[in-house]
Amino acid sequence: MFFQKEIETMSRGEIEAIQLERLKWVVDYCDRNVEFYHKRLQKAGVTADKIKSLKDVRHIPVTTKEDIRDTYPFGLFAQPMKNIVRVHASSGTTGKPTVVGYTKKDLDTWSDLVARLCVAAGASDEDIVQISFGYGLFTGALGLHYGLEKIGATVVPCSSGNTEKQVMLMKDFGTTALVSTPSYALHMSEVAHEHGITNDQLQLRLGLFGSEGCTPEMRDQIEKSFGVFATDNYGMSELMGPGVSGECELRCGMHIAEDHFLPEIVNPDTLEAMGEGETGELIITTLTKEGFPMLRYRTKDLTTITYEPCACGRTHARMEKIKGRSDDMLKIRGVNVFPTQIESVLMSQPHIGGHYELVIRREGYRDTLEVRVELINGDLLEHYGELEALRNSIHAQLKTVLGIESKVTLCEPKTLERYQGKAKRIIDLREQK
Ligand code: DLL
């Protein structure tokens, strides 16, 4: 099934023609409406009339998360606030969040693109859909909400948390589809089973998951555990939110909405273009956004793109599941965590040395974070009261800064590994289960 069949099945030539026209438009639009882009484009000598083919996108300077932070809060908005009807912000906070804005037209496009991926995954107006992403500045919940309403599904806006009530409603309402992070879906299934609710008592058949990685093995677990068919959906707030790409029922890559986004894969170190099928960093230029257009945004997400049409009939390029990030931002229980946030807390403590490790595990179906840090002086290990006070203080500050629980381990001096080059702070054990 298709939501916008004509668009979703265009020939490659048609897609590229639309992309080229829109690329010229967005370069000119940014040049005229955003001081930041005007300066960058001028410096690079790029004007819309110099864009002759899609490859010319490479002459446009890249935009980074730091650029958005530097222009906080609204510096990259291309419309006056009276035309901005919604703002969202990223969950990652090294201080200020990245703030994005939408015009009415942007919101319409957004719902269309989310509707596309929901229909591609097999959702319809027959579905009762529970949205268990957190409602708020995060784009996940409201993004899926309006897309699902657009296809006529019955939306149950549960938000995240209060899991026992969620599973009760799921059973009582006869919910047929669930929208959440994959890890939360697993947690919900555990809670349901703990409360004696079996899959036979539920009508659940479809899981529209996203916002964090989900390996096929993890997907199998969720499917078995909750009796659903699960699809993976990718997006980010800077580009729109969910709706950038999503899997169809064949699940052989996430279809990128290429009429609205121009994707590139580059070497994250050199920014050189990489070939089809090669893994590199995803860079995206938004082709139609009015409120918050993005020229060559560095997503830092690593993936591979194929332009082969899919057996489902869709012709838009497909990206593989995200392999990781080219920087070291961690997503723990759906929350973006930057190692530098942790470092700032640790390094402002007394008795704490400069060596630390972050160990992330999957325990049951939940991600846990252990922060291991060396003491400067091993004698402290013999003063239990002082040691506990220090541990508790670090734990509390990390909770405030990160918004999640962590385990703090104070280690003897010189027990953590040393490195000759870059230190490897992150030990992510989640893949190993
Ligand atoms: O997570 C948008 C979204 C919401 C997508 C709901 C899908 C469903 P942010 O909070 O800005 O936006 O986080 C964006 O999350 O750069 C990826 O690193 C990661 N991410 C998002 N979707 C996936 C996915 C939303 N399907 C960041 N697989 C991105 C792996 C994902 N990582």
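Definitions and limits used
Residues numbered from 1 in each chain as written. Predicted model: local features only at pLDDT ≥ 70, side-chain atom pairs only at ≥ 80, totals over all residues. Heavy atoms only, no water. UniProt positions renumbered as here; feature names shortened; annotations may be inferred. Disulfide = S-S within 2.5 Å. Buried < 20%, exposed > 50% of the residue type's maximum accessible area, 1.4 Å probe, protein only. Pairing = 2+ DSSP bridges. Helix = DSSP H or I, 4+ residues; strand = E, 2+ residues; numbered from the N terminus. Contact = heavy atoms within 4.5 Å. Axes fitted to C-alpha atoms, helices over the stretch in contact; angles between N-to-C directions. 1 Å grid on protein atoms, 1.4 Å probe; cavity = no way out; pocket = protein on both sides within 12 Å on 5 of 7 lines; lining within 4 Å. Points joined across faces, edges and corners; volume = space filled by probe spheres on them. Nonpolar A, V, L, I, M, F, W, Y, C, P; charged D, E, K, R; others polar. Right-handed = clockwise from strand over helix to strand, strands pointing away.

The protein chain carries the name Phenylacetate-coenzyme A ligase in an unreviewed UniProt entry, which gives Fumia xinanensis as its organism. What UniProt records for the protein chain under Pathway (unreviewed entry) is the sentence "Aromatic compound metabolism; phenylacetate degradation." Within the UniProt record for the protein chain, the comment given under Function (unreviewed entry) is "Catalyzes the activation of phenylacetic acid (PA) to phenylacetyl-CoA (PA-CoA)."

Caption draft 1: Structural detail: the state of the cysteines. Throughout the structure, instances matching the rule amount to zero disulfides. Of all cysteine sulfurs, the one in C312 lies closest to C248, which takes part in no disulfide; the gap is 3.8 Å. You can call C248 buried: its relative accessible area is 1%. For the unlinked cysteine C310, the closest cysteine sulfur is that of C312, found at 3.5 Å.

Caption draft 2: Expanded view of the sheet that holds strand β14 (residues 318–319). Here nine strands make up an open sheet; going across it, the order is β4-β3-β5-β6-β7-β8-β9-β14-β13 and the pairing mixed. Two strands in the sheet have a free side with no partner beyond their single neighbour: β4 (154–156) and β13 (305–306). With four bridges joining them, strand β5 (residues 177–180) and strand β6 (residues 206–210) adopt parallel strand pairing. Across the sheet, S180 pairs through a bridge with F209, a residue of β6. Docked against the sheet, helix α8 (residues 182–194) engages β3 (128–131), β5 and β6, running at close to 125 degrees with respect to β5.

Caption draft 3: Inspection of the pairing of strand β11 (residues 280–286) at higher detail. Counting buried positions along β11 yields seven of seven residues, so the element is predominantly enclosed. Where strand β10 (residues 261–266) and β11 come together, six bridges link them in antiparallel fashion. Bridged to V266 within β11 is E281. The pairing of β11 with strand β12 (residues 297–303) spans four bridges and is classified as antiparallel. Directly across from E281, in β12, lies its bridge partner L302.

Caption draft 4: Region of the structure containing the sheet that holds strand β21 (residues 426–428). Taking strand neighbours across the sheet as the criterion, the four strands line up as β20-β19-β18-β21 in an open arrangement whose pairing is mixed. Each edge of the sheet is formed by a strand with only one pairing partner; in this case those strands are β20 (407–411) and β21. Here the average twist between neighbouring strands, direction ignored, is 20 degrees. Taken together, the three bridges between strand β18 (residues 352–363) and β21 define a ladder with parallel strand orientation. Across the sheet, residue I360 finds its bridge partner in β21, namely D428. In the packing of helix α11 (residues 384–402) onto the sheet, the strands contacted are β18, β19 (366–375) and β20, and the crossing angle to β20 comes to about 140 degrees.

Caption draft 5: Fine view of the side chain of T303. Along the polypeptide, T303 turns up in strand β12. Those residues in contact with T303 that lie beyond four places of it in its chain are I265, E278, T279, G280, L282, M319, E320, K321 and I322.

Caption draft 6: Seen up close, empty space enclosed by the protein. Counted by the stated rule, this structure contains three cavities of 30 Å³ or more. In this structure, the largest cavity encloses a volume near 140 Å³. Taken together, 14 residues form the lining of the largest cavity, with E8, R116, H255, I256 and A257 sitting closest to its centre. Within the residue set of the lining of the largest cavity, elements represented by two or more residues are α5 (104–120), β8 (241–247) and β9 (254–256). Considering only residue class, the lining of the largest cavity consists of six nonpolar, five polar and three charged.

Caption draft 7: View of the pairing of β5. Going residue by residue along β5, you find A177 and V179 tucked away on one face and L178 and S180 tucked away on the opposite face as well. In the sheet, β3 pairs with β5 via three bridges, with the strands oriented parallel. Considered in β5, the bridge of I131 is made with V179. Handedness of the crossover joining β5 and β6 through α8: right-handed.

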